[in-house]
Amino acid sequence: MYRVLQGHNGKVADATYVAGADMKKGMLVVKGTDGKVAFPSAATDKNVFFVGKELIATGIDGDRDLPDYSDVFENINEGEFVTSEQPVSGEVYFTDQTTGTFAVGGYATVGTDGKLVSTTTATRIQVRNTAAKDCGTHVGIEVAILD
């Protein structure tokens, strides 16, 4: 899951790509020339996008009132259309798609599994809060995008 805590008004998320592998909402991906988003081949903080999808339940779940953290909304299957939102300078995000331990004021980069990982090298992704909770229970971190 990811949430935009501080964003720019009028920014558009691209919904023309499909997932190149199974992933979860809130992971970070890169865009390919084949119309697919994929995990980076090496750790990076450049040209990455938060991946998401529309919160539209279908089939048997169509009549159910599902929470945001339902697997129906969280899991993205290979070949499924996704939204991709590029984080830009001045924005703040919450995500639970992380690996390892982070320090407030430290930096993060996107690993080859699409999750944020801590790094000692300054990047454009700075950790703002390591004890963030979305919906009061879902633990993650808040990151500010620097330029």
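Definitions and limits used
- Residues numbered from 1 in each chain as written.
- Predicted model: local features only at pLDDT ≥ 70, side-chain atom pairs only at ≥ 80, totals over all residues.
- Heavy atoms only, no water.
- Helix = DSSP H or I, 4+ residues; strand = E, 2+ residues; numbered from the N terminus.
- Buried < 20%, exposed > 50% of the residue type's maximum accessible area, 1.4 Å probe, protein only.
- Contact = heavy atoms within 4.5 Å.
- Areas by Shrake-Rupley, 256 points an atom, 1.4 Å probe, with all protein chains shown as cover.
- Lys, Arg positive; Asp, Glu negative; His and termini not counted.
- Charge placed at Lys NZ, Arg CZ, Asp CG, Glu CD.
- Core = buried A, V, L, I, M, F, W, Y, C linked by side-chain atoms within 4.5 Å.
- Pairing = 2+ DSSP bridges.
- Axes fitted to C-alpha atoms, helices over the stretch in contact; angles between N-to-C directions.
- Salt bridge = Lys/Arg side-chain N within 4 Å of Asp/Glu carboxyl O.
- Polar contact = N/O pair within 3.5 Å; in protein donor to acceptor, adjacent residues only side chain to side chain.

### Some words on the overall build of the chain
Move 1: The number of helices and strands found in the chain is one helix and 14 strands.
Move 2: Within the chain, the proportion of its 147 residues that are buried is 40%.
Move 3: For the chain, contacts bridging at least 24 residues in sequence account for 60% of all contacts bridging at least 6.
Move 4: Counting every atom, the chain has about 7,600 Å² of accessible surface; 49% of that belongs to carbon and sulfur.
Move 5: In the chain, 13 side chains carry a positive charge and 20 a negative one; their mean positions are 4 Å apart.

### Comments concerning the nonpolar core
Move 1: Core analysis: the largest hydrophobic core is formed by 14 residues, its most contacted members being Leu116 and Ile125.
Move 2: Counting only elements with at least two residues in this core, the list comes to strand 11 (107-110), strand 13 (125-134) and strand 14 (138-145).
Move 3: Here the element with the most residues in this core is strand 14; it accounts for three residues.
Move 4: Those residues in contact with leucine 116 that sit more than four places away from it in its chain are Leu28, Thr95, Gln97, Thr98, Thr99, Phe102, Ala108, Thr109, Val110, Ile125, Ile141 and Val143.
Move 5: Ala19, Met23, Val51 and Val82 belong to the second-largest nonpolar core, a separate cluster that totals ten residues.

### Some thoughts on the sheet that holds strand 4 (residues 28-31)
Move 1: In space, the five strands of this closed barrel follow the order 2-5-4-6-8, with mixed pairing throughout. Neighbour to neighbour, the strand axes of the sheet diverge by 55° on average, direction disregarded.

### Overview of the pattern of salt bridges
Move 1: Enumeration according to the criterion identifies seven salt bridges in this entry.
Move 2: Measuring nitrogen to oxygen at the nearest pair gives 2.9 Å for the salt bridge that ties aspartate 134 to arginine 3. On the criterion of sequence distance, the pair formed by aspartate 134 in strand 13 and arginine 3 in strand 1 (residues 2-6) is long-range, its members being 131 residues apart.
Move 3: Of the residues examined, aspartate 134 reaches a relative accessible area of 12% and is grouped as buried.

### A look at the environment of threonine 16
Move 1: For threonine 16, the location among the structural elements is in strand 2 (residues 14-19).
Move 2: Residue threonine 16 is classed as exposed on the basis of its relative accessible area of 55%.
Move 3: Once the C-alpha coordinates of threonine 16 and alanine 131 are considered, the two residues, 115 residues apart in sequence, prove to be 34 Å apart.
Move 4: Excluding residues within four positions of it along the chain, threonine 16 makes contact with Gly35, Phe81 and Val82.
Move 5: Looking at threonine 16, its side chain comes within polar contact range of the side chain of aspartate 14, at 2.6 Å.

### Focus: the sheet that holds strand 9 (residues 92-95)
Move 1: Strand order across the open sheet formed by seven strands is 1-9-14-13-11-12-10, with mixed pairing between neighbours. Edge positions in the open sheet fall to strand 1 and strand 10 (98-99), since each of these has one partner strand only.
Move 2: Looking at chain direction, strand 13 and strand 14 are connected through seven bridges and run antiparallel. The partner of isoleucine 125 across the bridge, within strand 14, is isoleucine 145.

### Topic: the environment of tyrosine 17
Move 1: Secondary-structure assignment places tyrosine 17 in strand 2.
Move 2: The sequence separation of tyrosine 17 and threonine 83 amounts to 66 residues, and the corresponding C-alpha distance is 7.3 Å.
Move 3: With near-sequence residues (within four places) excluded, tyrosine 17 lies in contact with Lys31, Gly32, Gly35, Lys36, Val37, Glu80, Phe81 and Val82.

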